[in-house]
Amino acid sequence: MDKETDPDCNNDAAFTVKRRTVLGVGAGATAAGLLPVRLEAQEQPVAAAPENGTPTHISFQVNGEQIAMDVDARASLLDLLRERLALTGTKKGCDHGQCGACTVHLDGRPVSSCLTLAAKVDGREVTTIEGLARGGDLHPMQQAFIDNDALQCGYCTPGQIMSAVACVTQGHATDPDAIREFMSGNICRCGAYVGILAAVLQAAETMEG
Ligand code: FES
Ligand code: FES
């Protein structure tokens, strides 16, 4: 697919698989993932990396909040978000870069967090589904997913929405085929692709207007 990868995070494999369409936040899961979450690094022991025997200290922004913590050099960004920062809106599907459920933005670009080393986000900005809403207002893409019934179980929805936002902001929401191509790395087992496409088209007008 055409979704951008972060070369520093070795994510190329995440988007090389040609699939047809999308991910998201389920209604309940979506609602939980739509609101800002206070970040608190969990006090958990960090396993030593076998390569260097010491944890890696990183400082980065998550949804606008500065975080400094020690991480296992082998840990993925996905596990850091879910298990250390309690940002469980980002979903673990395949854990191998093949489904898009774990999509987040790294410095504004969509990446598969399961293939991104947590240690590589030092000094960078991460945005998750929890960081899209502003106060009590949903992001236009979140609202569009609701308006167009663009989800069934909702498991893929956070990743779908993060990719969809990038699709619009990076200028790929020009027509249905371009949207399908950009979103092709985001798999929806429920087959909500028609609604997802409609949501992206709707949000593209709002976001650009
Ligand atoms: S692509 Fe990361 S969990 Fe599937
Ligand atoms: S709504 Fe996409 S997997 Fe269920």
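Data block above holds the structure.
Residues numbered from 1 in each chain as written. Chains lettered and ligands numbered in written order. Predicted model: local features only at pLDDT ≥ 70, side-chain atom pairs only at ≥ 80, totals over all residues. Heavy atoms only, no water.

1. Overview of the packing of helix α3 (residues 140–147) against helix α4 (residues 157–169)
The angle between the axes and the distance between the axes are what describe a pair of packed helices. With their axes 9 Å apart at the nearest point, α3 and α4 run at an angle of 120 degrees to one another. Judged on the interaxial angle alone, α4 and α3 are oblique. When you trace α3 past α4, the crossing you get is right-handed. Contacts between α3 and α4 pair Met141, Gln142 and Phe145 from the former with Thr157, Gln160, Ile161, Ala164, Val165 and Val168 from the latter. (Axes fitted to C-alpha atoms, helices over the stretch in contact; angles between N-to-C directions. Helix = DSSP H or I, 4+ residues; strand = E, 2+ residues; numbered from the N terminus. Parallel < 35°, antiparallel > 145°, perpendicular 65-115°, else oblique. Left-handed = near helix turned anticlockwise from the far one by under 90°. Contact = heavy atoms within 4.5 Å.)

2. Some points on the pattern of salt bridges
Overall, the coordinates contain 5 salt bridges when judged by the stated rule. The residue Asp72 makes a salt bridge to Arg74 at a minimum N-O spacing of 2.6 Å. The class for Arg74 is partly exposed, based on a relative accessible area of 43%. Where salt bridges share partners, they join Asp79, Lys92 and Asp95 into one cluster. (Salt bridge = Lys/Arg side-chain N within 4 Å of Asp/Glu carboxyl O. Buried < 20%, exposed > 50% of the residue type's maximum accessible area, 1.4 Å probe, protein only.)

3. What to know about helix α2 (residues 77–84)
All of the buried residues in α2 are Leu77, Leu78, Leu80, Leu81 and Arg84. Just downstream of α2 lies Ala86, where phi reads positive at about 60 degrees.

4. Thoughts on the sheet that holds strand β2 (residues 65–71)
The 5 strands are arranged β2-β1-β5-β3-β4 in an open sheet whose pairing can be described as mixed. Every interior strand has two partners, whereas the edge strands, β2 and β4 (109–112), have only one. For this sheet, the mean inter-axis angle between neighbouring strands, taken without regard to orientation, is 40 degrees. Sheet topology places strand β1 (residues 56–62) next to β2; 7 bridges connect them, and they run antiparallel. Along β2, the bridge assignment pairs Ile58 with Met69. Each of β3 (103–106), β4 and β5 (125–127) touches α4; the most contacted strand, β3, lies at about 40 degrees to it. (Pairing = 2+ DSSP bridges.)

5. Observations regarding the side chain of Thr128
For Thr128, the position within the fold is in the loop between β5 and α3. Among the polar contacts made by the side chain of Thr128, one reaches the side chain of Glu130 at a distance of 2.6 Å. With near-sequence residues (within four places) excluded, Thr128 lies in contact with Val62, Asn63, Leu81, Leu87, Thr90, Val104 and Met162. (Polar contact = N/O pair within 3.5 Å; in protein donor to acceptor, adjacent residues only side chain to side chain.)

6. Here's the deal with the pairing of β3
Of the two faces of β3, the one carrying Thr103 and His105 and the one carrying Val104 and Leu106 are both buried. Counting the residues between successive antiparallel strands, the hairpin from β3 to β4 contains 2 residues, one of them, Asp107, with a positive phi of roughly 50 degrees. Both β3 and β5 contribute to a ladder of 2 bridges, which runs antiparallel. By the bridge assignment for β5, Leu106 is matched with Val126.

7. Considering unusual backbone geometry
The phi angle at Ala86 is positive, at roughly 60 degrees, despite the residue not being glycine. By secondary structure assignment, the location of Ala86 is in the loop between α2 and β3. For Ala86, a relative accessible area of 42% gives the class partly exposed. Of note, the phi angle at Asp107 is positive, near 50 degrees, even though the residue is not glycine. Given a relative accessible area of 41%, Asp107 falls into the partly exposed group.

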